[in-house]
Amino acid sequence: MQTLHSEAAMQVEQIDAYEALVQFLYRAPIGLVQTNLDGAVEMLNPMASSLLMPLARDGGLDNLFATLEDVAPQLKQMADGFDQPSGVVCEALRVPLGSEYSAPGAPQVLSISLLKLDPERLMAAITDATLEIQREQENLRRRLRSAARTDALTRLPNRSAAVEQLQTLLGRTGSEDRFALLFINCDRFRQINDTLGQSAGDRLLTGVGDRLLAALADRMRAGGLPANGRIDPAAGGAGLVARLGGDEFVVLLDGLRHPDEAERLALRLLDALARPHQVDGHEVACRASIGVFWDGGADGRDADAVIGDASIAMVEAKRAGGARHVLFEAAMRERAARRADIEAQLRTALAEEQLFVMYQPVVGLNPDGSTDHSAGVEALVRWQHPVRGLVPPFDFIGVAEECGLIDAIGDFVLERSCRDFMRWREQLGDAAPRLMAVNLSRAQLAQPAWTAKVAAILARTGMPAASLQLEVTESLAAQDEHIQVRLHELKGLGIKLALDDFGTGYSSLSSLHLLPVDTVKIDRSFVCKADTSHHHRVLIEATVKVAQSLGMNTVAEGIETQAQADAVRAQACAKGQGYFYSRPLVSNALVEWIGAQR
Ligand code: C2E
Ligand code: MG
Ligand code: MG
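Residues numbered from 1 in each chain as written. Chains lettered and ligands numbered in written order. Predicted model: local features only at pLDDT ≥ 70, side-chain atom pairs only at ≥ 80, totals over all residues. Heavy atoms only, no water.

## With respect to the coordination of the magnesium ion (ligand 3)
Turning to step 1, where the next piece is worked out: Around the magnesium ion (ligand 3), the donor atoms from the protein are D500 (OD), D501 (OD), E557 (OE) and E557 (OE), and they sit 1.9 to 2.7 Å away.
Turning to step 2, where the next piece is worked out: Linear spacing of the donor residues for the magnesium ion (ligand 3) on their chain is D-D-x55-E.
Turning to step 3, where the next piece is worked out: The distance between the magnesium ion (ligand 3) and the magnesium ion (ligand 2) comes to 4.1 Å, and D500 binds to both of them. (Donors = N, O, S within 2.8 Å, 3.2 Å for Na, K, Ca; no water.)

## As for the coordination of the magnesium ion (ligand 2)
Turning to step 1, where the next piece is worked out: Protein coordination of the magnesium ion (ligand 2) is provided by E378 (OE), N439 (OD1), E471 (OE) and D500 (OD), with donor distances spanning 2.1 to 2.2 Å.
Turning to step 2, where the next piece is worked out: Positions of the donor residues of the magnesium ion (ligand 2) along the chain correspond to the pattern E-x60-N-x31-E-x28-D.

## Some points on the side chain of K521
Turning to step 1, where the next piece is worked out: Positionally, K521 belongs in strand β19 (residues 519–522).
Turning to step 2, where the next piece is worked out: Within polar-contact distance, the side chain of K521 engages the side chain of E471 at 2.8 Å.
Turning to step 3, where the next piece is worked out: Those residues within four positions of K521 in sequence are excluded, and the remaining contacts are E378, E471, A498, L499, D500, D501, F502, V555, E557 and Q577. (Helix = DSSP H or I, 4+ residues; strand = E, 2+ residues; numbered from the N terminus. Polar contact = N/O pair within 3.5 Å; in protein donor to acceptor, adjacent residues only side chain to side chain. Contact = heavy atoms within 4.5 Å.)

## Topic: the sheet that holds strand β11 (residues 288–294)
Strand pairing within a sheet occurs via backbone hydrogen bonds; the two strands may be parallel or antiparallel.
Turning to step 1, where the next piece is worked out: Strand order in the open sheet formed by 5 strands is β7-β8-β6-β11-β12, with mixed pairing between adjacent strands. At either margin of the open sheet sits one strand with a lone partner, and together these are β7 (239–245) and β12 (324–327). Recorded for the sheet is a direction-independent mean angle of 20° between the axes of neighbouring strands.
Turning to step 2, where the next piece is worked out: Relative to β12, β11 runs parallel, the two being bridged by 4 bridges. The partner of G291 across the bridge, within β12, is V326.
Turning to step 3, where the next piece is worked out: Contacts from helix α8 (residues 198–215) reach β6 (178–186), β7 and β8 (248–256) within the one sheet, and its direction differs from that of β8 by about 10°.
Turning to step 4, where the next piece is worked out: Relative to the sheet, helix α11 (residues 303–319) contacts β6, β7, β8, β11 and β12, its axis offset from that of β11 by approximately 140°. (Pairing = 2+ DSSP bridges. Axes fitted to C-alpha atoms, helices over the stretch in contact; angles between N-to-C directions.)

## A short note on the packing of aromatic side chains
Turning to step 1, where the next piece is worked out: A full pass over the atoms with the stated rule returns 5 aromatic pairs.
Turning to step 2, where the next piece is worked out: Between Y359 and W424 the ring centres are 4.8 Å apart and the planes differ by 90°, which places this aromatic pair in the edge-to-face class. Taken together, the positions of Y359 in strand β13 (residues 355–365) and W424 in helix α14 (residues 406–428) put the pair 65 residues apart, joining distant regions of the chain.
Turning to step 3, where the next piece is worked out: Looking at W424, the relative accessible area reads 0%, which means it is buried.
Turning to step 4, where the next piece is worked out: Aromatic ring contacts, followed pair by pair, group Y359, F421 and W424 into a single cluster. (Phe/Tyr/Trp six-rings, centres within 6.5 Å; stacked < 30°, edge-to-face > 60°. Buried < 20%, exposed > 50% of the residue type's maximum accessible area, 1.4 Å probe, protein only.)

## Thoughts on the site of ligand 1
Turning to step 1, where the next piece is worked out: Close to ligand 1 lie 22 residues; N439, S441, D500, E560 and Y579 are nearest.
Turning to step 2, where the next piece is worked out: In this structure, R382 approaches ligand 1 through a side-chain N or O atom, which is 2.9 Å from an oxygen atom.
Turning to step 3, where the next piece is worked out: A distance of 3.0 Å separates a nitrogen atom of ligand 1 from a polar atom in the side chain of R524.
Turning to step 4, where the next piece is worked out: Those elements that place two or more of their residues in the shell around ligand 1 are β14 (371–385) and β18 (496–502). (Near = heavy atom within 4 Å.)

## Some details on a nonpolar patch on the surface
Turning to step 1, where the next piece is worked out: Among the surface-exposed residues, L21, F24 and L25 lie close enough to one another that they form a single nonpolar patch of about 280 Å² accessible area.
Turning to step 2, where the next piece is worked out: Among the structural elements, L21 can be located in helix α1 (residues 2–27). (Patch = residues over 30% accessible without salt bridge, like charges linked within 9 Å, V, L, I, M, F, W, Y side chains within 5 Å. Areas by Shrake-Rupley, 256 points an atom, 1.4 Å probe, with all protein chains shown as cover. Salt bridge = Lys/Arg side-chain N within 4 Å of Asp/Glu carboxyl O.)

## Examining the pattern of salt bridges
Turning to step 1, where the next piece is worked out: Tallied over the full model, the rule gives 33 salt bridges.
Turning to step 2, where the next piece is worked out: A salt bridge links E471 to K521; the shortest N-O distance between them is 2.8 Å. Placement of E471 in strand β17 (residues 468–473) and of K521 in strand β19 is noted, with a sequence separation of 50 residues between them.
Turning to step 3, where the next piece is worked out: With relative accessibility at 1%, the residue K521 sits in the buried group.
Turning to step 4, where the next piece is worked out: Taken together, the shared-partner salt bridges in this structure form one network comprising E316, R319, R335, R339 and E402.

## Some thoughts on the nonpolar core
Turning to step 1, where the next piece is worked out: One finds W424, M436, L470 and L490 to be the most contacted residues of the largest nonpolar core, which totals 74 residues.
Turning to step 2, where the next piece is worked out: For this core, the element with the most residues is α14, which contributes 9 residues.
Turning to step 3, where the next piece is worked out: Residue contacts for W424: discarding those within four places in its chain leaves Y359, V377, G429, A432, P433, M436, S587, L590 and V591.
Turning to step 4, where the next piece is worked out: Counting residues in hydrophobic clusters, the runner-up holds 34 residues, among them L213, A272, V279 and V292. (Core = buried A, V, L, I, M, F, W, Y, C linked by side-chain atoms within 4.5 Å.)

## Brief notes about the pairing of strand β4 (residues 109–118)
Turning to step 1, where the next piece is worked out: The buried count for β4 comes to 7 of 10 residues, which makes it a mostly enclosed element.
Turning to step 2, where the next piece is worked out: Bridge count for strand β3 (residues 87–96) against β4 is 7 bridges, and the pairing is antiparallel. Bridging across to β4, C90 finds its partner in L114.
Turning to step 3, where the next piece is worked out: For β4 and strand β5 (residues 121–128), the ladder comprises 8 bridges, and the chain directions are antiparallel. Directly across from S113, in β5, lies its bridge partner A125.
Turning to step 4, where the next piece is worked out: Joining the antiparallel neighbours β4 and β5 is a turn of 2 residues.

## Structural notes on the domain arrangement of the chain
Turning to step 1, where the next piece is worked out: You can read the domains of the chain as domain 1 (11–132), domain 2 (153–329) and domain 3 (349–597).
Turning to step 2, where the next piece is worked out: Measuring from the centre of the C-alpha atoms in domain 2 to the corresponding centre in domain 3 gives 40 Å.
Turning to step 3, where the next piece is worked out: Listed as interface residues are 8 residues of domain 2 and, on the opposing side, 12 residues of domain 3.
Turning to step 4, where the next piece is worked out: Overall, the association of domain 2 and domain 3 removes approximately 820 Å² of surface from exposure, summing both partners, and the carbon and sulfur fraction of that is 48%.
Turning to step 5, where the next piece is worked out: When the buried surface of domain 2 facing domain 3 is broken down by residue, R190, Q191 and T195 rank first, second and third, together holding 54% of it.
Turning to step 6, where the next piece is worked out: At the junction of domain 2 and domain 3, the tally comes to 2 salt bridges.
Turning to step 7, where the next piece is worked out: Linking E402 and R319 is a salt bridge whose minimum nitrogen-to-oxygen distance equals 2.7 Å.
Turning to step 8, where the next piece is worked out: At the surface where domain 2 touches domain 3, the tally comes to 2 residue pairs in polar contact (both at pLDDT 80 or more).
Turning to step 9, where the next piece is worked out: If you list the elements that add at least two residues to the side of domain 2 that touches domain 3, you get α7 (189–196) and α11.
Turning to step 10, where the next piece is worked out: With 5 residues, α7 is the largest single contributor of residues to the side of domain 2 that touches domain 3.
Turning to step 11, where the next piece is worked out: Its residues placed into classes, the side of domain 2 that touches domain 3 shows 2 nonpolar, 2 polar and 4 charged. (Domains from an automatic or database assignment. Buried area = accessible area lost by both parts, 1.4 Å probe. Nonpolar A, V, L, I, M, F, W, Y, C, P; charged D, E, K, R; others polar.)

## Some remarks on the packing of α7 against α8
Turning to step 1, where the next piece is worked out: Here α7 crosses α8 at 135°, and the two axes come no closer than 6 Å. By the criterion of interaxial angle, the relationship of α7 to α8 is oblique. Contacts between α7 and α8 pair F189, I192, N193 and L196 from the former with Q198, A200, G201, L204 and L205 from the latter.
Turning to step 2, where the next piece is worked out: Of the residues contributing to the contact of α7 with α8, the split by class is 6 nonpolar, 3 polar and no charged. (Parallel < 35°, antiparallel > 145°, perpendicular 65-115°, else oblique.)

In structure tokens:
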């Protein structure tokens, strides 16, 4: 009795459960359609008919595949191709409904899963995926938007984000708060990139970004920005560290009252960057130049123009030697425009061969009192400008270094002077100059492939390496180990090296032995007082003695008078150069000059 009763109860319970399930399936917010293998509908719930009805052309829903034929013809093919007795035919197939099927507010996209229940039957589960898709698209748009405003390398906000934020500040009225834009550029970054490789350069840039953020962390927090500094560009706030590209960063600071505050913050950033960076086990010094734009001078200029102004001040900082900041002033715009103008004209000059080389004799000051007029020459570049006339190197070498044109100019001077040198040998035989001095710039030495390029020029022109002397300034030669490596490579080719303008830089007699040079050129500022100032005479004498003790040659630069010539000769200086002997001459004039001395 007991058993009988419970069996009956169980039956009742099972019936109830089945009823509940059917009720659930009937009311479920998901369309369910059971069909045979051909798609003939055996059962469907109200949700399914409401979702499919717009597709039913004749108003009937007899066959699922026929109903879906226009929008999802592949469904029938998938079912036909599914040869297992049961299993998932397809899952969450997204079916966009053409505009002809979807009335306003009605589903625009269906999601259909098809299940093979057994060898005879299929079950389709259909939902309205319209909202889901809209949400996904919105997410994608947001991601793309933030990617479009994020620098891929450093994950900092990028230029667009900085411009946007700056534009907001520029449009602000009535606030006591002032902002400052700091334009930051790493000094000599290209050189680091060239020597350590681009991926090391990338890591250095990421490090620079981190240092900037860390140095401003307190301000960022004050401005309501996340302390980790990965400022959400969309969030906005009182400060922003962004990377514009390359080795250029900007820092936008708001809530300031006086330019002094901006300058103090610039100093703080310079300090933070000055500590050596660890990159791939190397200690890399990466100082920076900062241009500071102070709110108030914008005069209706837009964000791009303001960034341009800050970058002009940055260039001034760089020209002053780097590792410093400069506050923007309107007068700088004009100077920058003039430099840009020279740059453009210099490009034309290179293309139209307005550049040429002059040669200044370097004479031997023999101990017997005689003068050797064939000791050598120094190649000095000139620019024959169509309007300005003859432009001296001082007016364009600096600009050429800044804009990268110095490589092309340097190559031109080296090749041209080697060719002229070889021609003099043919024309003058034994009387031809025995040494050709050519000046080098930092940027040339920074090119990793430069030694090979020099070797190629020597091979092309037939110039003997031992007859070429490359001149570097003191500050350049003493500067860093990469330059030293390059200098040793050049010496390896058999080329001679000279230290130009000695006495004007910061290396001293005591560190002369550290530099891989053969010749020391004593600067004109000493030589011009050789006959009148005891102090300068002693300095010249000491330089000659130290150089001699190291097996180095000496040249006195800028000799203008007989008295100066006599004075440096008395100090046992081996060679002299200056207007007293000759001004720089064009190639043919030099040949005549040498002829006249014989
Ligand atoms: P530097 O290498 O020290 O060249 C000597 C400069 O002193 C030359 O000026 C020369 O004309 C001038 N000079 C020579 N003797 C006298 C003299 O007795 N009195 C006076 N007052 N000046 C004298 P320049 O040609 O104007 O060149 C200036 C500087 O420009 C050079 O100094 C050198 O550093 C640079 N330079 C010239 N040509 C090139 C070049 O092809 N490449 C590079 N990178 N720099 C160059
Ligand atoms: Mg020189
Ligand atoms: Mg010099």
